[in-house]
Amino acid sequence: MLDILIADDHSAVRHGLALLTQAALDGSCTLDFAQTGKEVLERLQQKKYAMLLSDLMMPDQKGISLIAEALDIQPQLRIVIISAGPEQDFAAQCLNSGAYAYVNKGASDLVLSKTIRSVAYESDHYHAHTRKAATQGSAVKEKELKSFSLLSQREHEIVLLLLQGQGIMEIAKALSISPSAASTLKGRAFAKLNVQSVVELNRLAYYQGLHPGGAIRP
């Protein structure tokens, strides 16, 4: 009987993962749940688990840091990250941080069930296979990731407004600057962060845990 911890801040997702996990393992598991990164770590300190199924971005947790913190408590824990983040952007980083597998939330139930079974019963082979595949296919490499700490205060303000979905005209009005100045600051910020578009900016923010409100997840 495998003890498994399911972590996601949405109850519907937790319920769906519970049903899939029970079916994938023919009911030979007991399930516990967590809604935040803090709850995950508390559960791990209280009980030994064979597997953790977790979203990448918990409400109080920065990106992949949860993987390392969980493994510090239980080094043998098999972690499966199930996230909305694109696999080509995040899978390799998660695997290199110690996760056994990464599955996009858009994947089919069959793919997720197969992943859960593989990690539960063929962990070493599956770990090596997925690590190699994800590393080869990764579009975002660790050395290419840039920190938001590189930005000036004004550039940071521009980035936060962009992440909130505002355009140059709206940003200029919000900051009481000209559209030309706003565009220049946006260009400088993009250059420092090594991104070419707002889509790439959002991906970088997602990975590093940047809230549109300005706070970095601890």
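Anyway, here's the lowdown on the structure attached to this text.

Here's the deal with the packing of helix H7 (residues 153–163) against helix H8 (residues 168–175)
Right, on to step 1. The geometry of H7 relative to H8 is characterised by a closest axis approach of 10 Å and an angle of 130° between their N-to-C directions. One way to sum up the angle between H7 and H8 is to call them oblique. By crossing handedness, the relation of H7 to H8 is classed as right-handed. From H7, Arg154, Glu157, Ile158, Leu161 and Leu162 reach across to H8, where they touch Ile171, Ala174 and Leu175.
Right, on to step 2. For the contact of H7 with H8, a count of residues per class yields six nonpolar, no polar and two charged.

Points about the environment of Met169
Right, on to step 1. Note on placement: Met169 falls in helix H8.
Right, on to step 2. Look at Met169 and you get exposed, because its relative accessible area is 60%.
Right, on to step 3. Here the alpha-carbon distance between Met169 and Ser180, two residues eleven residues apart in the chain, equals 9.3 Å.

Some thoughts on the sheet that holds strand S4 (residues 78–83)
Right, on to step 1. Pairing in this open sheet of five strands is parallel, and the strands run S2-S1-S3-S4-S5 from one edge to the other. The two strands at the open ends of the sheet, each matched to only one other strand, are strand S2 (29–34) and strand S5 (101–104). For this sheet, the mean inter-axis angle between neighbouring strands, taken without regard to orientation, is 20°.
Right, on to step 2. Pairing between strand S3 (residues 51–54) and S4: four bridges, direction parallel. From the neighbouring strand, Met51 faces S4, where its bridge partner is Arg78.
Right, on to step 3. Against the sheet, helix H1 (residues 11–24) engages strand S1 (2–7), S2, S3 and S4, with an angle of about 165° to S2.

Quick word on the environment of Thr184
Right, on to step 1. With respect to the helices, strands and loops of the structure, Thr184 is situated in helix H9 (residues 179–193).
Right, on to step 2. When the C-alpha positions of Thr184 and Glu155 are compared, they lie 9.5 Å apart, and in sequence the two are 29 residues distant.

With respect to the nonpolar core
Right, on to step 1. The biggest cluster of nonpolar side chains holds 24 residues, and the ones touching the most others in it are Val40, Leu52, Ile67, Leu77, Ile79, Ile81 and Cys94.
Right, on to step 2. Elements supplying a minimum of two residues to this core: S1, helix H2 (37–46), helix H3 (65–73), S4 and helix H4 (87–96).
Right, on to step 3. By residue number, the principal contributor to this core is H3, which donates four residues.
Right, on to step 4. Look past the residues within four positions of Leu52 in its chain and what remains in contact with it is Leu5, Ala7, Val40, Ala70, Leu77, Arg78, Ile79 and Val80.
Right, on to step 5. With 20 residues, the next largest nonpolar core counts Leu17, Cys29, Met51 and Leu53 among its residues.

About the criteria used
Residues numbered from 1 in each chain as written. Predicted model: local features only at pLDDT ≥ 70, side-chain atom pairs only at ≥ 80, totals over all residues. Heavy atoms only, no water. Axes fitted to C-alpha atoms, helices over the stretch in contact; angles between N-to-C directions. Helix = DSSP H or I, 4+ residues; strand = E, 2+ residues; numbered from the N terminus. Parallel < 35°, antiparallel > 145°, perpendicular 65-115°, else oblique. Left-handed = near helix turned anticlockwise from the far one by under 90°. Contact = heavy atoms within 4.5 Å. Nonpolar A, V, L, I, M, F, W, Y, C, P; charged D, E, K, R; others polar. Buried < 20%, exposed > 50% of the residue type's maximum accessible area, 1.4 Å probe, protein only. Pairing = 2+ DSSP bridges. Core = buried A, V, L, I, M, F, W, Y, C linked by side-chain atoms within 4.5 Å.

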